[in-house]
Number of protein chains: 2
Amino acid sequence: MRQYETFELRFTGKEPAAEYADIPLCAEFACGSEKKNVKGFYDGEGVYKVRFLPEKPGVYTWKVTGAVNTEGTQICEAADSRHHGLVKAVDTHFEFEDGKLFVPFGTTVYALAHQDDALVEQTLSTLKTAPFNKVRMCVFPKDYDYNHNEPPYYAFEKREDGSWDTSRPCLAFWHRFEKILDRITDMGIQVDLILFHPYDRWGFDTMSRADNLRYLSFLLRRLSAKPGIWWSLANEYDLSRGKTISDWEEIEEFVAENDPYGHLLSCHNCFCFWDAGRRNITHASIQTKGLTEIPRWIAKYKKPVIIDECCYEGNLPHFWGSISAQEMVCRFWRCVASGAYCTHGETFLSDDEVLWWARGGVLKGESPERIAFLRGITESLPGPLTPFSNAGLLTLAQMDSEEMEAALLEIPEEMHSFVRSIAGSIRRMETDDRTAHIAGEHEWAAHAGEEAYLWFNDRQCFGEQTLPLPEDKHYRVELIDVWNMTRTVLEEDACGRTKLRLPGKEGLAVLATGII
Amino acid sequence: MRQYETFELRFTGKEPAAEYADIPLCAEFACGSEKKNVKGFYDGEGVYKVRFLPEKPGVYTWKVTGAVNTEGTQICEAADSRHHGLVKAVDTHFEFEDGKLFVPFGTTVYALAHQDDALVEQTLSTLKTAPFNKVRMCVFPKDYDYNHNEPPYYAFEKREDGSWDTSRPCLAFWHRFEKILDRITDMGIQVDLILFHPYDRWGFDTMSRADNLRYLSFLLRRLSAKPGIWWSLANEYDLSRGKTISDWEEIEEFVAENDPYGHLLSCHNCFCFWDAGRRNITHASIQTKGLTEIPRWIAKYKKPVIIDECCYEGNLPHFWGSISAQEMVCRFWRCVASGAYCTHGETFLSDDEVLWWARGGVLKGESPERIAFLRGITESLPGPLTPFSNAGLLTLAQMDSEEMEAALLEIPEEMHSFVRSIAGSIRRMETDDRTAHIAGEHEWAAHAGEEAYLWFNDRQCFGEQTLPLPEDKHYRVELIDVWNMTRTVLEEDACGRTKLRLPGKEGLAVLATGII
């Protein structure tokens with residue numbers, strides 16, 4: 001037993017009589033005064049398993065009851081340098097359990113596990129050198145444009161009438177699926193595992209409430225002890241044909257209750273966001289292109305925000321699958337320079353219908369190289385980024401008179417009536433007009449305390465720019481060309497208001513990092 | 001006297017005793033049963049003038065009363081081919097009085113008239129070959145970044161205490177100003193004349209209510225008979241230091257009442273839009289970058305929408321003055337492919353502080369050439385463009401159940417639950433989330449009846465695209481590269497659903513025009 005690594009107990013016994021999935025098999029693991037209860041599962045051929053994830057080193061005693069009754073003791077050694085534990089949400093960023101910062105740079109391969117072995121191998125091989133440390137993928141197969149193949153296995157056996165027997169998980173599926181998951185997480189890539197989704201022709205999206213929970217119970221028994229997995233309740237929960245909002249709330253509660261370790265837990269939307277303010281939800285997993293609103297969402301949820309879908313690099317005849325590599329790269333920079341995180345996908349038309357976003361294979365686009373460049377910069381920062389301003393002009397308009405007076409003290413008196421006019425005018429705007437309007441004035445700016453400041457100038461072609469750096473600190477200021485991946489030092493030692501001359505072109509960022 | 005051309009009566013008399021501006025000088029012009037009352041003005045050196053704009057040919061009798069008392073008859077000849085009358089709003093587009101379509105392609109030179117003669121000459125010379133047929137310019141001088149020069153003249157004489165005497169217009173100003181206006185309109189360019197604005201160090205923005213109206217009275221007496229002028233109540237009315245909303249409403253009403261011809265009348269915002277639904281307002285003159293909302297505004301106001309400010313091509317350290325030529329061109333295409341109109345401006349840093357947007361001079365940018373290309377295409381269309389869909393997904397969410405049932409009849413039954421889910425989810429979204437979200441899925445598409453269809457694919461890199469053309473008509477389909485200014489025929493004779501292969505790059509438009 002080693003800290004942060006899955007510990008597995010195996011027992012042999014008789015095959016369960018009827019129910020394979022929701023079997024009575026419990027275990028208690030105790031270390032000092034701390035106790036944790038977990039559930040085991042039947043894994044076929046007379047083998048019962050109990051998995052446990054030790055999060056601290058020490059001496060553990062365990063006691064298994066139910067289908068198997070036995071107990072034992074195990075010494076758990078401290079983690080080696082390769083293992084850091086679960087990723088957890090801390091404030092508005094992510095950290096591993098050992099405190100190491102985790103900055104998500106995700107990609108999307110929805111039906112990764114539902115392809116033949118050769119294609120899965122190719123996908124894993126691509127992931128090995130790709131810049132991504134998170135992959136969004138589904139438990140269930142996918143039926144959609146460019147997604148028509150039958151998977152090698154399904155998660156359940158079928159009854160004679162053709163319906164899915166959720167009490168009999170298809171163990172061939174789960175064995176193969178787990179191997180894929182393990183190989184991905186072994187590469188240091190987090191699996192953002194999508195538990196339900198609407199793009200379905202097999203009936204997995206319209207199972208009964210009881211079937212949904214039995215499926216989740218089995219999945220959580222098998223996978224909860226694996227530290228590299230996140231629970232994504234759904235891809236596009238709101239397009240599900242079979243579930244109401246209260247079904248989703250029950251699913252959310254069930255997953256949270258039956259996960260002994262508190263894996264990251266989110267729910268991804270097509271339109272209306274799942275409320276990331278809910279107790280069980282650890283972070284916002286949002287599909288949107290309205291990236292200018294990110295600082296507002298961070299302030300609202302007080303949790304990390306991942307833009308898990310913002311269109312894909314490609315050339316499909318759909319708006320969501322036809323952004324350029326340049327635009328994909330800009331969207332990553334916009335998210336990062338807002339204190340949020342972004343997820344990639346790729347959708348190039350192909351005669352063999354193997355598109356990365358759904359089936360995997362190889363990456364053909366020009367964005368991954370630039371995402372790697374951004375990831376390198378982000379990981380070299382002294383800490384996580386948070387938005388520079390929470391909502392700018394909108395904040396001004398939302399101040400009460402006392403707050404406004406306080407804010408006016410900060411600016412010259414001759415500006416007061418002007419600022420009051422602006423605030424009054426924004427306040428009078430209809431919400432939809434205001435949102436669309438103010439988006440066009442958005443500044444992409446984030447900082448890591450007073451240690452680093454990042455401005456992504458996006459499509460602005462500033463010929464000059466003045467940085468409002470702290471007066472009492474010193475910074476190296478770099479100009480970053482996000483497409484050409486160059487970094488040019490503009491100032492070796494800047495402090496206070498610093499005016500820069502810039503080349504007046506699109507796609508530049510300015511990074512000020514503190515020097516001693 | 002000739003139809004659509006300013007007719008001027010000149011009389012000599014004694015200089016007015018005290019009040020120069022609001023003098024008692026009226027005239028009635030009658031043609032058959034139609035009568036129009038206009039007011040005259042004192043123009044210095046004992047000269048009184050009455051101007052009239054005949055909008056129909058025929059025999060006119062006129063009678064002047066007040067400071068001058070006389071009458072006469074005049075034959076008004078039909079318009080020559082150079083004159084088309086006032087531009088009027090018709091539905092959601094513009095036409096001259098003779099029915100000729102007017103498609104605005106505006107530019108911005110706020111303080112054009114407040115520069116020295118050499119610079120004014122250079123500006124007019126630039127306008128002569130530029131692609132613009134409308135210019136936004138101010139009566140009052142401008143004080144702002146890169147706008148520090150004193151003008152040659154001011155609109156009023158000063159009192160001994162240094163305050164402006166609005167009862168004594170500075171005739172040297174008005175003579176010079178009118179000459180500039182006439183030279184611009186003689187080039188076929190409409191003057192969108194800005195009557196007030198907030199960027200002021202002289203006090204024109206904070207004059208009394210009485211001074212504002214006296215100024216307007218004099219201006220309208222002088223300029224109303226000139227057909228090439230539009231009234232823009234303000235640039236950024238909402239940032240005025242001196243006027244409340246009810247002051248603006250009074251100004252709007254005064255201008256409308258004292259303009260005998262009904263020139264185009266709008267009011268330009270910084271934040272909260274002036275309500276273009278108001279009776280006196282002929283069209284929306286909007287500053288915004290939220291162009292995805294245009295179809296909604298067109299549907300709301302049922303009047304033409306001009307995006308009169310959407311940032312300027314340039315390299316200033318301000319978001320509003322630093323978009324690339326590519327982005328400026330795209331914004332024009334977005335507006336046009338939404339059934340709206342767009343206005344240009346240019347702001348390149350310059351040692352002499354002569355920036356086109358405020359002071360004129362020469363154009364340095366790369367967008368005007370491409371705007372000319374777009375203007376050529378637009379003017380070759382068989383009629384004005386209107387948005388293809390009014391608000392797309394939003395419309396779906398706003399349907400009542402009866403409208404929804406009717407809409408569902410149009411689509412296959414297996415899609416019904418999916419569409420209901422989408423509608424329900426959009427309906428549940430907060431307005432700000434929804435606006436930002438749906439903007440990212442916007443399709444820029446407009447049509448001229450069934451005669452022409454235009455899609456601007458903007459940053460989408462479609463590798464294929466299917467056009468839903470009418471089944472019973474035939475079209476030539478062209479691919480337009482908006483930056484490289486090329487037009488390539490993709491289909492010589494298309495009808496019904498037409499699938500195109502496209503090169504999968506940004507900045508392309510598809511135009512289908514009806515063929516016999």
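Everything in this summary refers to the structure shown in the same document.

### Topic: the overall build of chain A
Then step 1. In terms of helices and strands, chain A carries 12 helices and 30 strands.
Then step 2. On C-alpha atoms alone, chain A measures out to a radius of gyration of 25 Å, which is about the 24 Å that the 2.2 N^0.38 rule sets for 516 residues.
Then step 3. Expressed as lengths along the three principal axes of its C-alpha atoms, the size of chain A is roughly 85 × 55 × 45 Å.
Then step 4. A buried classification covers 60% of the 516 residues belonging to chain A.
Then step 5. Accessible surface, chain A: about 19900 Å² in total, of which carbon and sulfur atoms supply 48%.
Then step 6. When the 56 positive and 80 negative side-chain charges of chain A are each reduced to one mean point, those points stand 3 Å apart.

### Side note on the sheet that holds strand β10 (residues 101–102) of chain A
Residues and elements named next belong to chain A.
Then step 1. Spatially, the three strands line up as an open sheet ordered β8-β9-β10, and their pairing is antiparallel. Single-partner strands in this sheet number two, and they are β8 (87–90) and β10.
Then step 2. Summarising the sheet, strand β9 (residues 93–96) and β10 pair through two bridges and their orientation is antiparallel. Bridge pairing in β10 links Phe 94 to Phe 102.

### Quick notes on the environment of Thr 206 of chain A
All names here are of chain A.
Then step 1. Its place among the elements puts Thr 206 in the loop between β15 (190–196) and α3 (209–223).
Then step 2. With a relative accessible area of 47%, Thr 206 lands in the partly exposed category.
Then step 3. Apart from the residues lying within four places of it in its own chain, the contact partners of Thr 206 are Arg 241 and Gly 242.

### Observations regarding the interface of chain A and chain B
Then step 1. Tallying the contact residues gives 57 residues for chain A and 57 residues for chain B.
Then step 2. Together, the buried faces of chain A and chain B total about 4900 Å²; carbon and sulfur atoms form 59% of this surface.
Then step 3. Three residues stand out in chain A for area buried against chain B, namely Phe 271, Phe 418 and His 437 of chain A, and they jointly supply 14% of the buried area on that side.
Then step 4. The interface formed by chain A and chain B contains six salt bridges.
Then step 5. Salt-bridge contacts for Asp 432 of chain B lead to Arg 296 of chain A; the nearest nitrogen and oxygen are separated by 3.3 Å.
Then step 6. Seen at the junction of chain A and chain B, the total is 28 residue pairs in polar contact (both at pLDDT 80 or more).
Then step 7. For the side of chain A that touches chain B, the secondary structure elements donating two or more residues are α5 (294–301), α11 (416–428), α12 (431–439) and β26 (464–468) of chain A.
Then step 8. At seven residues, α11 of chain A tops the list of elements feeding residues into the side of chain A that touches chain B.

### Quick word on the pairing of strand β15 (residues 190–196) of chain B
All names here are of chain B.
Then step 1. Burial analysis of β15 places seven of its seven residues in the buried class, the great majority of the element.
Then step 2. Across five bridges, the pairing between strand β12 (residues 134–138) and β15 is parallel. Bridge assignment links Cys 138 to a residue of β15, and that residue is Ile 194.
Then step 3. Here five bridges tie β15 to strand β16 (residues 229–234), and the two strands are oriented parallel to one another. Following the sheet pairing, Leu 193 is matched in β16 by Trp 231.
Then step 4. Between the parallel elements β15 and β16, the chain passes through helix α3 (residues 209–223) in a crossover that is right-handed.

### A word on the relation of the copies chain A and chain B
Then step 1. Overlaying chain A on chain B yields an RMSD of 0.0 Å, the required transformation being a rotation through 180 degrees with an accompanying axial translation of 0.0 Å. Accordingly, the operation relating the two chain copies is best matched by a two-fold axis.
Then step 2. Here 100% of the interface residues in chain A have copies in chain B that are interface residues too; the copies meet face to matching face.

### A word on helix α2 (residues 171–186) of chain B
Then step 1. An ideal rise of 1.5 Å per residue puts 22 Å on 16 residues; α2 of chain B measures up with 22 Å between its terminal C-alpha atoms.
Then step 2. With its phi angle positive at about 85 degrees, Gly 188 of chain B sits one or two positions after the end of α2 of chain B.

### Side note on the packing of α2 of chain B against α3 of chain B
All names here are of chain B.
Then step 1. Contact geometry for α2 and α3: axes closest at 12 Å, N-to-C directions at 45 degrees. It follows that α2 is oblique to α3 by the angle criterion. Handedness of the crossing formed by α2 with α3: right-handed. In this structure, α2 contributes Leu 171, Trp 174, His 175, Glu 178 and Leu 181 to the contact, and α3 contributes Tyr 215, Phe 218, Leu 219, Arg 222 and Leu 223.
Then step 2. Of the residues in the contact of α2 with α3, the class split is seven nonpolar, one polar and two charged.

### A closer look at the pattern of salt bridges
Residue and element names in this part refer to chain A.
Then step 1. Scanning all chains against the criterion turns up 93 salt bridges over all chains.
Then step 2. One salt bridge connects Lys 226 with Asp 182, and the closest N-O pair in it is separated by 2.8 Å. Taken as a pair, Lys 226 in the loop between α3 and β16 (229–234) and Asp 182 in helix α2 (residues 171–186) lie far apart in primary sequence, 44 residues in all.
Then step 3. Between Glu 252 and Arg 278 there is a salt bridge whose closest N-O contact spans 2.7 Å. Residue Glu 252 is found in helix α4 (residues 245–258), and its partner Arg 278 is found in the loop between β17 (265–266) and β18 (284–287); the two are separated by 26 residues along the sequence.
Then step 4. Residue class for Glu 252 comes out buried when judged on its relative accessible area of 1%.
Then step 5. You can call Arg 278 partly exposed: its relative accessible area is 25%.
Then step 6. In this structure, a network of salt bridges that share partners links the residues Glu 8, Arg 10, Asp 43, Lys 49, Arg 51, Glu 178 and Arg 222.

### Brief notes about the packing of helix α10 (residues 401–408) of chain A against α11 of chain A
Residue and element names in this part refer to chain A.
Then step 1. Axis separation between α10 and α11 bottoms out at 11 Å; the angle between their running directions is 145 degrees. Of the two elements, α10 crosses α11, and the hand of that crossing is right-handed. Every residue of α11 that contacts α10 at Met 404, Glu 405 and Leu 408 is listed here: His 416, Val 419, Arg 420, Ala 423 and Arg 427.
Then step 2. Of the residues assigned to the contact of α10 with α11, the class counts are four nonpolar, one polar and three charged.

### A few points about unusual backbone geometry
Then step 1. Even without being a glycine, Asp 91 of chain A presents a positive backbone phi close to 50 degrees.
Then step 2. Relative to the helices and strands, Asp 91 of chain A is located in the loop between β8 and β9.
Then step 3. When its relative accessible area of 59% is taken as the criterion, Asp 91 of chain A is described as exposed.
Then step 4. The phi angle at Tyr 4 of chain B is positive, at roughly 70 degrees, despite the residue not being glycine.
Then step 5. Residue placement: Tyr 4 of chain B occurs in the segment before β1 (7–12).
Then step 6. You can call Tyr 4 of chain B buried: its relative accessible area is 6%.

### Observations regarding the pairing of β16 of chain A
All names here are of chain A.
Then step 1. By the criterion of burial, β16 is predominantly enclosed, with six of the six residues buried.
Then step 2. Relative to β17, β16 runs parallel, the two being bridged by two bridges. Bridge pairing in β17 links Ser 232 to Ser 266.
Then step 3. Considered for its hand, the β-α-β crossover made up of β16, α4 and β17 is right-handed.

### Looking at the packing of aromatic side chains
Then step 1. Enumeration over the complete set of coordinates arrives at 92 aromatic pairs over all chains.
Then step 2. Between Phe 96 of chain A and Phe 102 of chain A, the aromatic rings sit 5.5 Å apart at their centres with planes inclined by 80 degrees, giving edge-to-face as the arrangement. Just as Phe 96 of chain A is buried, Phe 102 of chain A falls in that class too.
Then step 3. Aromatic side chains Tyr 144 of chain B and Trp 357 of chain B sit 6.4 Å apart centroid to centroid with 75 degrees between the ring planes, which places their arrangement in the edge-to-face category. Of this pair, Tyr 144 of chain B sits in the loop between β12 and β13 (156–158) while Trp 357 of chain B sits in helix α7 (residues 356–359); the two residues are 213 residues apart in sequence, bridging distant segments of the chain.
Then step 4. Pairwise contacts between aromatic rings join Phe 140, Tyr 154, Phe 156, Trp 164, Phe 196, Trp 202, Phe 204, Tyr 215, Tyr 237, Trp 248 and Trp 274 of chain A into one cluster.
Then step 5. The ring of Trp 483 of chain A carries Arg 370 of chain A above its face, with NZ or CZ at 3.6 Å from the centroid.

### Points about the sheet that holds strand β21 (residues 341–343) of chain A
Then step 1. The strand order across the open sheet built from eight strands is β17-β16-β15-β12-β11-β21-β19-β18 (chain A), with neighbouring strands paired in parallel fashion. For this open sheet the edge positions go to β17 and β18 of chain A, each flanked by a neighbour on one side alone.

### Things to note about the state of the cysteines
Then step 1. Per the stated rule, a full pass over the model turns up zero disulfides over all chains.
Then step 2. The thiol of Cys 310 of chain A is not disulfide-bonded; the next cysteine sulfur, from Cys 342 of chain A, is found 3.7 Å away.
Then step 3. Among the cysteines around Cys 461 of chain A, which has no disulfide bond, Cys 311 of chain B carries the closest sulfur, lying 11 Å off.

### Regarding the side chain of Asp 308 of chain A
Residue and element names in this part refer to chain A.
Then step 1. For Asp 308, the location among the structural elements is in strand β19 (residues 305–309).
Then step 2. Residue class for Asp 308 comes out buried when judged on its relative accessible area of 0%.
Then step 3. Setting aside residues no more than four positions away along its own chain, Asp 308 makes contact with Lys 134, Arg 136, Asp 192, His 268, Ser 285, Ile 286 and Thr 343.

About the cut-offs
- Residues numbered from 1 in each chain as written.
- Chains lettered and ligands numbered in written order.
- Predicted model: local features only at pLDDT ≥ 70, side-chain atom pairs only at ≥ 80, totals over all residues.
- Heavy atoms only, no water.
- Helix = DSSP H or I, 4+ residues; strand = E, 2+ residues; numbered from the N terminus.
- Rg over C-alpha atoms; globule rule 2.2 N^0.38 Å.
- Buried < 20%, exposed > 50% of the residue type's maximum accessible area, 1.4 Å probe, protein only.
- Areas by Shrake-Rupley, 256 points an atom, 1.4 Å probe, with all protein chains shown as cover.
- Lys, Arg positive; Asp, Glu negative; His and termini not counted.
- Charge placed at Lys NZ, Arg CZ, Asp CG, Glu CD.
- Pairing = 2+ DSSP bridges.
- Contact = heavy atoms within 4.5 Å.
- Buried area = accessible area lost by both parts, 1.4 Å probe.
- Salt bridge = Lys/Arg side-chain N within 4 Å of Asp/Glu carboxyl O.
- Polar contact = N/O pair within 3.5 Å; in protein donor to acceptor, adjacent residues only side chain to side chain.
- Right-handed = clockwise from strand over helix to strand, strands pointing away.
- Least-squares fit on C-alpha atoms with pLDDT ≥ 70 in both.
- Expected span 1.5 Å × (residues − 1).
- Axes fitted to C-alpha atoms, helices over the stretch in contact; angles between N-to-C directions.
- Parallel < 35°, antiparallel > 145°, perpendicular 65-115°, else oblique.
- Left-handed = near helix turned anticlockwise from the far one by under 90°.
- Nonpolar A, V, L, I, M, F, W, Y, C, P; charged D, E, K, R; others polar.
- Phe/Tyr/Trp six-rings, centres within 6.5 Å; stacked < 30°, edge-to-face > 60°.
- Lys NZ or Arg CZ within 6 Å of the ring centre and 35° of its normal.
- Disulfide = S-S within 2.5 Å.

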